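As a plain string of letters, each chain reads:
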Amino acid sequence: MACVTNSYYVTTPIYYVNDAPHIGHAYTTITADAVARWHRLLGRDVRFLTGTDEHGLKVQRAAEENGCTPKEWADQTVVRFQDAWAQLGISNDDFIRTSEQRHHTAVQKLLQACYDNGDIDLQTYEGLYCVSCEAYFNEDDLDLGNCPIHGRPVEHVAEENYFFKLSRYEQPLRDWYETHPDFVLPTTKRNEALGFINQGLRDFSISRTSIDWGIPLPWDTGHVTYVWFDALTNYITAAGYVDDPASFSHYWPAIHLIGKDILRFHCVYWPAMLMSAGLAPPERVHVHGFLLVGGEKMSKTRLNQIAPADLVADFGVDGVRHHFLHDQIFGPDGDFSHEGMTARFNADLANNLGNLLSRVTTVVGSKCGGVGTAPRPDSPLAPIVAREYRIIAESWERISPSEALDATWRIIRETNAFLEEAEPWKAEPGPLADAILGDALEVLRIVSILASPAVPDACAEIRRRIGLTGDAEEERLPESIEWGGYPAGLLVVKGEPLFPRLK
Ligand code: MSP
């Protein structure tokens, strides 16, 4: 087993099983996938978790409308997420569903730990509830009487609920933020979370009696657990909180990737719940903005949701992955458009990467009889790779895929420029042509590793065409990108364009 510090546990939010997967969900999942792939290349013991959030009023109502039980409804709808992720090449190690028994046990264990610590008590609660958010709002949070996020009417709810004493954790949370300056990134989001804490924290209700689709409280089974308390716990369930202490201490705490709308739950409620149970808060929470379509957030009511499968049909799996990773900067909101996506596809994939592969394999065919040549130890491309690698590694570490890919594509562009200058297609067959092509083949080998977190299928194909055996995933960084690894004598084949230009 790898040493403790070598583990890397990365998670996506668990998606409401009721919704159909759209590109907002795909965005976080693709980012987490690329980050997981990068850390596997570094030889870390990666655990990458995604899944579905299946309890609560929303699912119970949808099931009623469809004439089935909530579990039957969830069983039908979960497949949409599992299929979407399989189609996008998502390499999650586990897929958690909150309706699973392992999760049921974990939620009850966490609740009991908080209860035993004196942090949960019974109170009467009246409030305004948004079923879409599964959250209460204050009167002044509302937007003309509607939920500020969904724009739908809130419901007046009065119940006897158990409350989690969040107010007790105001100071411990402040201390945590103080001693862990990178706990929430980017800093603007950290400030937002701290601002929320500094306003004063109110206890929040963690149980419901009005529904039964949920996990009963262990000490009062007439109540089911509030869906957010239940959902957040998924991250420790899957790490082995209940039944695998060795795995739990190895993987926990996790790195969470989330959208900005669920910041309060992850950056305030969740660390407090964990502290209450004597567990470590998450390692870091990385918060991203929304993908906007025509300047607006996607929603069912606006009918502007885009399914990942529709984009895969036009751009291919790698085209979709590359767009979200390279164009949509992780942090701020980003506008999605087909035009932007097409431009990125043509510039990076067709013109740069595809063109480099096609040039090199064609000229190796005509000048070297289709047999690859070795790179020069003192190639002018070697320092470029070394320079960009430092930026690439540092950018993936900070979860800044767009910067990592900027640097990766600088290597590709500079290699194309080098070939345009050296013009091996005009050279006589011989040592000079061999050397230039060897240098370019070496870059292709290195790029097939460095770009593999973003465009894994293309990288596998590049490796096949330049005669390498073994997947990029088996390579280890940084050793595998030391200049000079491409051996002479491999069969190089020219194939169809890797990324035909899009109109
Ligand atoms: N089930 C809760 C999360 C529980 S995690 C313990 C939930 N689910 S969700 O399906 O509504 O949203 C999941 C994630 O998708 C959130 O991070 C949200 O920010 C993200 N997105 C939803 N629409 C989005 C965009 N338009 N753009 C980017 N991400 C968006 O909340």
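This text follows the structure it describes.
Residues numbered from 1 in each chain as written. Predicted model: local features only at pLDDT ≥ 70, side-chain atom pairs only at ≥ 80, totals over all residues. Heavy atoms only, no water.

## A closer look at the overall build of the protein
Stage number 1. On a plain count of helices and strands, the protein comes out with 16 helices and 17 strands.
Stage number 2. For 503 residues, the compact-globule formula gives about 23 Å, and the C-alpha radius of gyration of the protein, at 25 Å, lands near that figure.
Stage number 3. Each of the three principal axes of the protein carries a C-alpha extent, and together these read 85 × 45 × 40 Å.
Stage number 4. By the burial criterion, 57% of the 503 residues in the protein qualify as buried.
Stage number 5. Considering only intrachain contacts with a sequence separation of at least 6, the fraction spanning at least 24 residues in the protein is 78%.
Stage number 6. Counting only carbon and sulfur atoms, one obtains 51% of the accessible surface of the protein, whose full area is about 19,900 Å². (Helix = DSSP H or I, 4+ residues; strand = E, 2+ residues; numbered from the N terminus. Rg over C-alpha atoms; globule rule 2.2 N^0.38 Å. Buried < 20%, exposed > 50% of the residue type's maximum accessible area, 1.4 Å probe, protein only. Contact = heavy atoms within 4.5 Å. Areas by Shrake-Rupley, 256 points an atom, 1.4 Å probe, with all protein chains shown as cover.)

## Some thoughts on the nonpolar core
Stage number 1. Residues Trp 85, Leu 311, Val 320, Phe 324 and Leu 450 are the most contacted members of the largest nonpolar core, which totals 97 residues.
Stage number 2. No other element matches helix α12 (residues 338-368), which puts 11 residues into this core.
Stage number 3. Residues in contact with Val 320, not counting those within four places in the same chain, are Ile 30, Leu 88, Leu 311, Val 312, Phe 315 and Met 341.
Stage number 4. Core analysis: the next-biggest nonpolar cluster, separate from the first, contains 73 residues, Tyr 169, Phe 183, Leu 194 and Met 275 among them. (Core = buried A, V, L, I, M, F, W, Y, C linked by side-chain atoms within 4.5 Å.)

## Here we look at the sheet that holds strand β10 (residues 207-208)
Stage number 1. The strand order β10-β12-β11 describes an open sheet built from 3 strands, whose pairing is antiparallel. Each edge of the sheet is formed by a strand with only one pairing partner; in this case those strands are β10 and β11 (216-217).
Stage number 2. Pairing of β11 with strand β12 (residues 220-225) involves 2 bridges; the strand directions are antiparallel. What sits directly across from Leu 217, in β12, is Asp 220. (Pairing = 2+ DSSP bridges.)

## Some remarks on the site of the ligand
Stage number 1. As a structural note, the neighbourhood of the ligand is formed by 23 residues, with Ile 14, Asp 53, Gly 259, Asp 261 and Leu 291 the closest of them.
Stage number 2. Take Tyr 16: an N or O atom from its main chain is 3.3 Å from an oxygen atom of the ligand.
Stage number 3. Contact between the ligand and Leu 291: a nitrogen atom at 2.8 Å from a main-chain N or O atom of the residue.
Stage number 4. Expressed as a share of its isolated accessible area of 660 Å², the protein-covered part of the ligand is 96%.
Stage number 5. At the level of secondary structure, the elements contributing two or more residues to the shell around the ligand comprise β2 (15-16), α1 (23-41), α7 (227-232), α8 (234-237) and β13 (255-259).
Stage number 6. Looking at the shell around the ligand, the element that brings in the most residues is α7, giving 3 residues. (Near = heavy atom within 4 Å. Polar contact = N/O pair within 3.5 Å; in protein donor to acceptor, adjacent residues only side chain to side chain.)

## Some words on helix α13 (residues 381-397)
Stage number 1. For α13, which comprises 17 residues, the first-to-last C-alpha distance of 24 Å matches the rise-based estimate of 24 Å (1.5 Å per residue) to within 8%.
Stage number 2. Along α13, the positions that sit buried rather than exposed are Leu 381, Ala 382, Ile 384, Val 385, Glu 388, Tyr 389, Ile 392, Ser 395 and Trp 396.
Stage number 3. Considering only its buried residues, α13 is in contact with α1, α14 (401-422) and α15 (431-450).
Stage number 4. With its phi angle positive at about 55 degrees, Ile 399 sits one or two positions after the end of α13. (Expected span 1.5 Å × (residues − 1).)

## Observations concerning the pattern of salt bridges
Stage number 1. Under the criterion given, the structure shown has 30 salt bridges.
Stage number 2. Measuring nitrogen to oxygen at the nearest pair gives 3.4 Å for the salt bridge that ties Glu 403 to Arg 398.
Stage number 3. You can call Arg 398 partly exposed: its relative accessible area is 36%.
Stage number 4. Salt-bridge contacts for Arg 445 lead to Glu 442; the nearest nitrogen and oxygen are separated by 2.8 Å. Residue Arg 445 and its partner Glu 442 are both found in helix α15; the two are separated by 3 residues, about one turn of the helix. (Salt bridge = Lys/Arg side-chain N within 4 Å of Asp/Glu carboxyl O.)

Any functional reading would require information beyond the geometric quantities listed.
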